[in-house]
Each structure stands twice: as structure tokens, then as C-alpha cells.
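# Remarks on the overall topology
Letter by letter, the chains look like this.
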Amino acid sequence: MNTPNHDMNEKICVVTGAARGLGRAISETLARAGAARVYACDINMAPAEDWIDGYHNITAITLDVCDPAALSGLNSRIMDEHGRVDVLVNNAGITRDALLEKMTESDWDRVLDVNLKGVFMMTRAMLPLMKLQAKGSIVSISSVVGTDGNIGQSNYAASKGGIIAMTRGWAKEFVYGGAQIRANCIAPGFINTEMTQAVPAKVLEKMTARIPLGALGEAQDIAEGVLFLASDRSRYITGQVLKIDGGLVL
Ligand SMILES: NC(=O)c1ccc[n+]([C@@H]2O[C@H](COP(=O)([O-])OP(=O)(O)OC[C@H]3O[C@@H](n4cnc5c(N)ncnc54)[C@H](O)[C@@H]3O)[C@@H](O)[C@H]2O)c1
């Protein structure tokens, strides 16, 4: 599964929420696939201390996807260092679950800020660096909850559904003037990360029973999908949502 290959062919990549979980697997996979540089961004880079030094082509950036000054700083830095971005993976995301009547405005605001506004802001900051070469691939991590909803996740479902709608618009908007800037989503089902480890064991058991392939997915399952959508192997695919969910939502 971790065989080195050259699908990233010297590409410059930016991954958010990269310190752990899916973002870590995605960063490592892009780096192993030959990326010239992966800018691994996270509001808390501490969990990356264990693994990031193993990669000569990954740079750790501590950054909040909602902080416009930090995003503009990242844009300037990448402009100076490489003059382009080839791949952006919008992966940072959080949950603040509650049944609707118990959901506070701050639960709503924080989830929408990080999961949806953060994707808008990061993409707005990186797009000029793709436009310089009229080429690029944006992969945003949505969720099956964004298409199918889930109990106690009004805020999360709205944010993940919003990412899909935004992506479909981008697939049309970013090709203006003949540019080859693609935008796609991945919608994971239940994947084994710290995020799902926070779910009560009983709920997790029930969830697993609903998955046709009979188990939670692993972070690497998502990273393989990202690698495909980020690479030129998917050059004719844009505006799509790739579900990686063991058949959960059919
Ligand atoms: N794990 C799953 O089952 C699952 C399923 C569907 C979708 N997803 C989505 O996949 C993505 C990654 O999930 P995960 O399971 O790896 O979660 P995780 O909680 O393990 O990792 C998320 C990372 O995002 C970072 N982050 C949070 N807020 C940030 C901010 N404002 N700016 C920058 N970084 C920030 C966190 O520090 C963390 O390192 C999320 O968008 C999540 O919604 C996960």
C-alpha cells in the first residue's frame, strides 16, 4: 500500500489539518509519491513531531485556516519558495455534535467557520498560485454526512454539504479562460482516526454493523483517493464527489 511512486511528479502541495489522522496520511502519501514539497498545515502541529522529520520534502506550518493573516503569509512564502501551488487538500475539520435543540450558536459557528469558511479562505489564498500556471487540483474532504445527514450533526452536515456545493461551483468557475484547475471532493464514511475514537463504543459498533465491507476505513484508504484526484491520472475529472465509505451510502 505504501509503495513509492511518482504520481506527484515534483508537485508543490498544501494540506490542511495535516498533523494527525487523515491529514497526516495524505501528507505522507503525497510526499512518498514524489511531491517536491508538501506544506503540512495545522492549528496544532504537536502530533507531527513524531513523524514529520522522516520526510525531507514536508514542511510543517502552524496555521489556523480561519486566520486571514496566516493565509496571506503562507501565500507569500510559497510564492517566494516555489512560485506556484499544484495541489491543495482542504482536510482540516472539527465536530461539535449535539441534538438540534441543544446545539449552541457557538457550536454552530465554530464548525461552520473551520469546516466551510476555512475551505473558502484557504482556497482563496492558494488559487492565485494555481492561476499563475493555469493548472492545479483542489481536493476537499467532505463527508457522507454532507450528502446524507446524521443525527446530532446539523452544523457538521451543513458544513460538509456546503463544501460539495462550493466545489461544484469551482469546477465551473476555475476553468475560466481555458485554465485546467480542477476541484473535487472526497466523502469519507467512518474512518479510524482520533475523530472517530471520540465516538462512544456502542455507537461505533452500530455504525460498523451498517458498513457492507464490515469495518471502519483506515486513513490510508482516504489518502489513496486523494492521491488519485491530486495527480494527473484524474486529469479529466472535476466537480465530483468520491465516496470512500466501504459501501455505507449506496
Ligand atoms: N474520521 C472520519 O471518520 C471522517 C469521516 C468523514 C470526514 N472526515 C473529515 O476528514 C477530515 C480529517 O478528519 P480526521 O478524522 O483526520 O480528524 P482529526 O481530528 O484527527 O484531525 C483534524 C486535524 O485538523 C486540525 N484542525 C482543526 N481545526 C483547525 C484549524 N482551524 N486550522 C487548521 N487545522 C485545524 C486539527 O488540529 C487536527 O490535526 C475532517 O475534515 C473530517 O471532518 C473524517
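The sections below set out a description of the structure shown in this document. Values in this document were obtained by computation on a predicted structure and should not be read as measured data.

### Focus on the overall build of the protein chain
Counting its secondary structure elements, the protein chain contains eight helices and seven strands. Expected size for 250 residues packed as a compact globule is a radius of gyration near 18 Å; at 17 Å, the protein chain falls within 12% of this value. The principal-axis extent of the C-alpha atoms belonging to the protein chain is close to 50 × 40 × 35 Å. The proportion of buried residues among the 250 residues of the protein chain is 45%. Intrachain contacts of the protein chain at a sequence separation of at least 6 include 71% that bridge at least 24 residues.

### Re the pairing of strand β2 (residues 37–42)
Counting buried residues along β2, six of its six residues qualify, which places the element largely inside the surrounding structure. Alternating residues of β2 divide into Arg37, Tyr39 and Cys41 and Val38, Ala40 and Asp42, and every residue in both groups is buried. Where strand β1 (residues 12–16) lies against β2, five bridges are found, and the strand directions are parallel. Within β2, the position partnered with Ile12 by the bridge is Arg37. Direction of pairing for β2 relative to strand β3 (residues 58–62): parallel, over a ladder of five bridges. Bridging across to β3, Asp42 finds its partner in Thr62.

### A closer look at the sheet that holds strand β4 (residues 87–90)
Judged by pairing direction, the sheet is parallel, and its seven strands sit side by side in the order β3-β2-β1-β4-β5-β6-β7 without closing on themselves. Only two strands of the sheet have a single partner each, and these edge strands are β3 and β7 (241–244). Strand-to-strand twist across the sheet, computed as the mean angle between neighbouring axes with direction ignored, equals 20°. Taken together, the four bridges between strand β6 (residues 180–188) and β7 define a ladder with parallel strand orientation. Each bridged residue has a counterpart across the sheet, and for Ala187 the counterpart in β7 is Lys243. Contacts from helix α1 (residues 21–32) reach β1, β2, β3, β4 and β5 (135–141), with the element oriented near 170° to β1. Docked against the sheet, helix α8 (residues 219–230) engages β4, β5, β6 and β7, running at close to 165° with respect to β6.

### Some thoughts on the nonpolar core
The nonpolar side chains of a soluble globular protein tend to be buried with one another. Formed by 68 residues in total, the largest nonpolar core has its most connected members in Cys13, Val15, Leu30 and Val226. In terms of residue count, the dominant contributor to this core is helix α3 (residues 105–131) (10 residues). Once residues within four sequence positions are removed from consideration, Cys13 is found in contact with Met8, Leu30, Ala35, Val38, Tyr39, Asp86, Val87 and Val89.

### Remarks on the site of the ligand
Close to the ligand lie 28 residues, the nearest being Gly17, Gly21, Gly93, Thr193 and Met195. At the level of elements, α1, α3 and α6 (194–197) are the ones that each hand at least two residues to the shell around the ligand. Grouping the amino acids of the shell around the ligand by side-chain chemistry returns 13 nonpolar, 11 polar and four charged.

### So, the environment of Ala40
By the secondary structure assignment, Ala40 is in strand β2. Taking the number of C-beta atoms within 10 Å as the measure of exposure, Ala40 has 30 and is therefore buried.

### Points about the packing of α3 against helix α5 (residues 154–173)
Viewed as axis vectors pointing N to C, α3 and α5 meet at an angle of 15°, and their least axial separation amounts to 9 Å. Between α3 and α5, the crossing angle belongs to the class labelled roughly parallel. Between α3 and α5 lies a crossing of right-handed hand. For the pair α3 and α5, the contacting residues are Asp107, Trp108, Val111, Leu112, Asn115, Leu116, Val119 and Phe120 in the first and Asn155, Tyr156, Ala158, Ser159, Lys160, Gly162, Ile163 and Met166 in the second. Within the contact of α3 with α5, the residues separate by chemical class into 10 nonpolar, four polar and two charged.

### Remarks on the environment of Asp245
Within the secondary structure, Asp245 sits in the segment after β7. Residue class for Asp245 comes out buried when judged on the 23 C-beta atoms lying within 10 Å of it. When the C-alpha positions of Asp245 and Ala215 are compared, they lie 9.7 Å apart, and in sequence the two are 30 residues distant.

### Comments concerning the packing of α1 against α8
In the contact formed by α1 and α8, the axes pass within 8 Å of each other and the chain directions differ by 50°. With respect to α8, the element α1 is oriented oblique. Of the two elements, α1 crosses α8, and the hand of that crossing is right-handed. In this structure, α1 uses Gly21, Leu22, Ala25, Ile26, Thr29 and Leu30 to contact α8, whose residues at the interface are Ala219, Gln220, Ile222, Ala223, Val226, Leu227 and Ala230.

About the criteria used
- Residues numbered from 1 in each chain as written.
- Predicted model: local features only at pLDDT ≥ 70, side-chain atom pairs only at ≥ 80, totals over all residues.
- Helix = DSSP H or I, 4+ residues; strand = E, 2+ residues; numbered from the N terminus.
- Rg over C-alpha atoms; globule rule 2.2 N^0.38 Å.
- Buried ≥ 20, exposed ≤ 12 C-beta atoms within 10 Å, placed from the backbone.
- Contact = placed C-beta atoms within 7 Å.
- Pairing = 2+ DSSP bridges.
- Axes fitted to C-alpha atoms, helices over the stretch in contact; angles between N-to-C directions.
- Core = buried A, V, L, I, M, F, W, Y, C linked by C-beta atoms within 7 Å.
- Near = placed C-beta within 6 Å.
- Nonpolar A, V, L, I, M, F, W, Y, C, P; charged D, E, K, R; others polar.
- Parallel < 35°, antiparallel > 145°, perpendicular 65-115°, else oblique.
- Left-handed = near helix turned anticlockwise from the far one by under 90°.

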